[in-house]
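# Report on the structure
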Amino acid sequence: MDTLAVVRRGLALAASLLVTLAVQASVPALETVSATSVTYNAAPGLTIPRTTEYLLDNAAVGDGLTKVRVLLPVGYEAGQNYPVVYLLHGFSGSETTWSNMNAVNDLNDTLETSTRNANIVFVMPDGDNDFYSDWYEPNAGGTMRNWETYHIQQLIPWVEANFKVRRDRGGRAISGLSMGGFGCTTYASRHPDLFAGVFSISGAVNNIPLAAVGAIPDGLIAYANLPAVLDIDPAQIWGPFLSQAVLWHGRNPFTLMNNLRPLTVWYATGLGLGNDMPGDNPTTRAMEAAVGALNYEFNLKMLALNIPHTFHVNPLGTHSGYYFLQWFKQALPVMEQTFAANAGTPASFDYQAIESSFDIFGWNIATQRDVVEFLYLTDVSRDGLTLKGSGVVAVTTPPAYSPNSLHWVSAPPQLGIDVWPNWPRADAQGRLHFNVKLGQSHDAQQFTAGAVPVDDWKKTRVNIN
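Rules of the game
Residues numbered from 1 in each chain as written. Predicted model: local features only at pLDDT ≥ 70, side-chain atom pairs only at ≥ 80, totals over all residues. Heavy atoms only, no water. Helix = DSSP H or I, 4+ residues; strand = E, 2+ residues; numbered from the N terminus. Expected span 1.5 Å × (residues − 1). Bend = angle between axes of the 7 residues up to and from the residue. Buried < 20%, exposed > 50% of the residue type's maximum accessible area, 1.4 Å probe, protein only. Salt bridge = Lys/Arg side-chain N within 4 Å of Asp/Glu carboxyl O. Pairing = 2+ DSSP bridges. Right-handed = clockwise from strand over helix to strand, strands pointing away.

### Here we look at helix H9 (residues 321-340)
- Here H9 spans 28 Å end to end across 20 residues, near enough to the 28 Å set by a 1.5 Å rise per residue.
- Within H9, the axis deviates most sharply at Ala331, by approximately 30°, and proline Pro333 lies no more than four positions further along.
- Within H9, the full set of buried residues consists of Tyr323, Phe324, Leu325, Gln326, Trp327, Phe328, Ala331, Leu332, Met335, Thr338 and Phe339.
- Following H9 by one or two positions, Asn342 adopts a phi angle in the positive range, close to 50°.

### Quick notes on the pattern of salt bridges
- Following the criterion strictly, the structure yields 14 salt bridges and no others.
- With a shortest N-O distance of 2.8 Å, Arg145 and Asp130 are connected by a salt bridge. Of this pair, Arg145 sits in the loop between strand E5 (121-125) and helix H3 (147-162) while Asp130 sits in the loop between E5 and H3, and the two are 15 residues apart along the sequence.
- For Arg145, a relative accessible area of 12% puts it in the buried group.

### Some remarks on the pairing of strand E9 (residues 310-314)
- As judged from the five bridges shared by strand E8 (residues 264-270) and E9, these two strands associate in the parallel manner. When the sheet's bridge partners are listed, Gly270 is paired in E9 with Asn314.
- The parallel pair E8 and E9 is bridged by helix H8 (residues 282-304), and the resulting crossover is right-handed.

In structure tokens:
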């Protein structure tokens, strides 16, 4: 490769990276509009202890206003640096869902009563019915629904700026029920460097079945647990499946499962066989049977990949608040154990993503290619990383090296593979910067007709000495 080509390619990659950073920096900080105490839906005269509802401005969704509830631990005023659990609601829910959990059945068995001995801050944001994703296209009113941007880039910094909480990965966990089970696992699998644990309750942990909306007879929709029964078009969220399947897979916990390896992974489901507890009815039984099938499939893949996890099944469980709360109470001690472990940055990790540039565990990766597809990273550590993809990848390491030190960076000889510079010098922060060519960019988008099979993609190990 001639010197001028290298310079031009480096400038293009740098410009791409600067644009990405500028977009991330442009996300506005949230502002608190109001803070009010709240009451139970089942007992309007009874204030929910320790719980405040906040109205926030400058969110990335809707009209710029959204709500979040925060449940503080007993004795919060005297303490500091509490861990945080983000609790995501299900379809047709809101920020009120978790704090009202099971209250219609028993006001002495709710989220508030169940957490009185837990030194944890619980954050319950709204997520509407949008599957915790940044939408592919605006809604009918022309509004973008960027829920991931809001929750990840705005809400977490707001919580950490306004409450006495930990600001490290080891002090954050995320949980959710039903659609929120999808939400917590997609967020954790896309941002494993932000969370120490993920706890899914009756979660819709695979979004690919939603692509069948419109192809399933109406009488079977409820049994398939598809949002069409509630008038949602998933193509608005992730794009038309036939042409944009890669966008679906890029948000799918089932596809991204290996990214969860550094986390505490806990999930629970029922099989919908119960008929004796509050909330049991034909609809909640059918919904839980469908969710149970997704979770069983999820568990089989977890086992095949040898990813440490905990899977709880209650055959009687239905898709109702009573069971959701019982599973949460089972998960709570594991959350506390996870926080006590103080998880940090793993010595090595695997990660895959479809974004053209991203940051993960202190590494910055920026790709130059002509199509949307996954870049697969494996065995990433201070000693190097393995990459699988196409085009050119600009790599910036974490600050793991002595400033101004020289390092030999190389890959085994292979047609179409190149690494440069081979002797990068660590910058003032101790980061190395180098480029890896993985052959020519693919021409066809992944998961479409004509796409190159993944087994035939360029793959190389880059060693750092």
